Amino acid sequence: MRSLRLKRNDLRTEENPLFKHYLTCIICTEIFTDPVSLSCHHSFCSSCLQDFWAQAENKNCPICKRKSSKDIGVNFSIKDLADSFAGRQRSDPSDEAMAVCTEHLKDIKWFCKDEQRAVCPVCEFPHHKGHTVVPLEEQVQELKQQLRPDLTALQARRSRHQELEETYEAMVPHLKVQRVKTESRIRAEFEQLHRFLREEEEARVKTLGEEEEQKRKRILLERKTLQEQIQSLSEGLSAVEADLQKDGLSFLSASTRSRTSARALLSGSDPQLLPGALLDEAKHLGNLAHRVWEEMGQRTTFSHVTLDPNTAARSLSLSDDLTSVRCSDVTQKVPNNPERFTRYSDVLGSEGFSSGEHCWEVEVGDLPHWVIGVAKESVERKGECTATPANGNWCLVHRSGKYTQGTGKTLTLKRTPERIRVQLDYDGGEVSFYDPEDMTLIYTYQDTFTDNIFPWFGVGAAGEARTKAVRVCGVSSRTKP
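Everything in this summary refers to the structure shown in the same document. (Residues numbered from 1 in each chain as written. Predicted model: local features only at pLDDT ≥ 70, side-chain atom pairs only at ≥ 80, totals over all residues. Heavy atoms only, no water.)

1. A closer look at the packing of helix 6 (residues 136-244) against helix 9 (residues 288-299)
Viewed as axis vectors pointing N to C, helix 6 and helix 9 meet at an angle of 125°, and their least axial separation amounts to 11 Å. What the angle tells us is that helix 6 and helix 9 run oblique. Considering how the two elements wind past one another, helix 6 and helix 9 form a crossing that is right-handed. In this structure, helix 6 uses L193, F196, L197, E199, E200 and R204 to contact helix 9, whose residues at the interface are L288, R291, V292, E295, M296 and R299. Its residues assigned to classes, the contact of helix 6 with helix 9 shows 6 nonpolar, no polar and 6 charged. (Axes fitted to C-alpha atoms, helices over the stretch in contact; angles between N-to-C directions. Helix = DSSP H or I, 4+ residues; strand = E, 2+ residues; numbered from the N terminus. Parallel < 35°, antiparallel > 145°, perpendicular 65-115°, else oblique. Left-handed = near helix turned anticlockwise from the far one by under 90°. Contact = heavy atoms within 4.5 Å. Nonpolar A, V, L, I, M, F, W, Y, C, P; charged D, E, K, R; others polar.)

Right under this line is the structure:
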């Protein structure tokens, strides 16, 4: 054990075979790496011993075969000697000042920029003569300065990843909220349909029953009349038969009366079955589903445009049928998904257009602040963006009683419309706004469309206004200009 107390520079000489033997693992025949010692005092690399035991399926010493009687741990005394002998640099930051040159066993205090490596004073002269050699600490500080922008960039990227992760985290409960809300609305809509069908079914069954009752009474009345006529005929027939049984003067005196009575009963036409006495099954069953479908269509409404909740700013609240939007007093708890507007109180329609002509009307009432028009799918939704054609917005703006188009030009209207008609001619490159009351043209944009174009709505606070929301309506029955 005396050899363990030798100086470090003695360990790197080739004249120490004893130390090399002492610091060599018998399993891998290499200098120890993380050496462990068993209760029998034999030492091995930790990984080598574990592999050996796994193959041997026991925990006996590879040398003396004695069973290990204690938990093994790294022998740090032997590890230090093995690391020094092998010239390994310890990774512990506290050992950084103890780094030595593996060739000269001198403290490393310099850095050669030409060869990009740390050197000791012996290495510096003459091996690095003519090279740019600076103090090690100076190079460390320079490299730290170079690394700091990367650190800042990494921190920023991590923040973005964390924000995204938080958004995904918020999406999970929101998905459930969306599912529950949408399911409730679906069930409510179908319940209305079921109620209509039940009511329609009951009405048609009732009509069928009323027809059956009416025709039954009519048949019973006719039958009663026939029964009375049969009774009269039977009595007359009996009288004639009785007279025919008589002879002589008795028959002569009765024949005239009998003939008159019989001919009276035979007068008039024979009875006929009433037409239409049976139920009109064709009337009740013919095209039944189609006629019910048409009736249902008359009781339901159709909107050419429905709003997309996933694009609505948190300050907005949408109606259950997704046809109206208002500025809410409460900020909605919704995820900051890519589709959502975050800077402005905007929302898009759920369906975009890439061709053809499309038209819809928006009821604005006396709402003091609104923006109505169309926007391309790639419109900016998170940051600053003025509502201009250059930014993918074609709109009509109403604010403080004034009407403007996207570039700020004031528009003069002869009246204050409570509805605005929007007409998009995608292929013709036009977006027009009308007062649907008399189809007065308010303004027309002319442009070339390449993206999908979506209906676009912006809503401000209602304040004291009677109207609280803008609502998408069906096109009124006006003549297209």
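Further notes follow.
2. Structural notes on the pattern of salt bridges
With the rule as written, the count across this model stands at 23 salt bridges. A salt bridge links E200 to R204; the shortest N-O distance between them is 2.9 Å. One end of the pair is E200 and the other is R204, both in helix 6 and 4 residues apart, which spans about a single turn. Using a relative accessible area of 26% as the deciding quantity, one classes R204 as partly exposed. Where R419 meets E361, a salt bridge forms, and the shortest distance between an N and an O atom there is 2.9 Å. Taken as a pair, R419 in strand 14 (residues 419-425) and E361 in strand 9 (residues 357-363) lie far apart in primary sequence, 58 residues in all. Looking at E361, the relative accessible area reads 0%, which means it is buried. (Salt bridge = Lys/Arg side-chain N within 4 Å of Asp/Glu carboxyl O. Buried < 20%, exposed > 50% of the residue type's maximum accessible area, 1.4 Å probe, protein only.)

3. A short note on the sheet that holds strand 10 (residues 369-376)
Taken together, 6 strands build an open sheet; the order of strands is 8-17-10-11-12-13 and the sheet is antiparallel. Edge positions in the sheet fall to strand 8 (346-348) and strand 13 (410-411), since each of these pairs with one other strand and no more. As paired elements, strand 10 and strand 17 (residues 453-459) share 7 bridges and run antiparallel to each other. Across the sheet, the residue bridging to I372 is F457, located in strand 17. (Pairing = 2+ DSSP bridges.)

4. Quick look at a nonpolar patch on the surface
Together, L244, L249, F251 and L252 make up an exposed nonpolar region whose accessible area comes to about 440 Å². Per-element accounting of the nonpolar patch gives the leading share, 3 residues, to helix 7 (residues 248-266). Position of L244 among the secondary structure elements: in helix 6. Given the relative accessible area of 56%, L244 is considered exposed. (Patch = residues over 30% accessible without salt bridge, like charges linked within 9 Å, V, L, I, M, F, W, Y side chains within 5 Å. Areas by Shrake-Rupley, 256 points an atom, 1.4 Å probe, with all protein chains shown as cover.)

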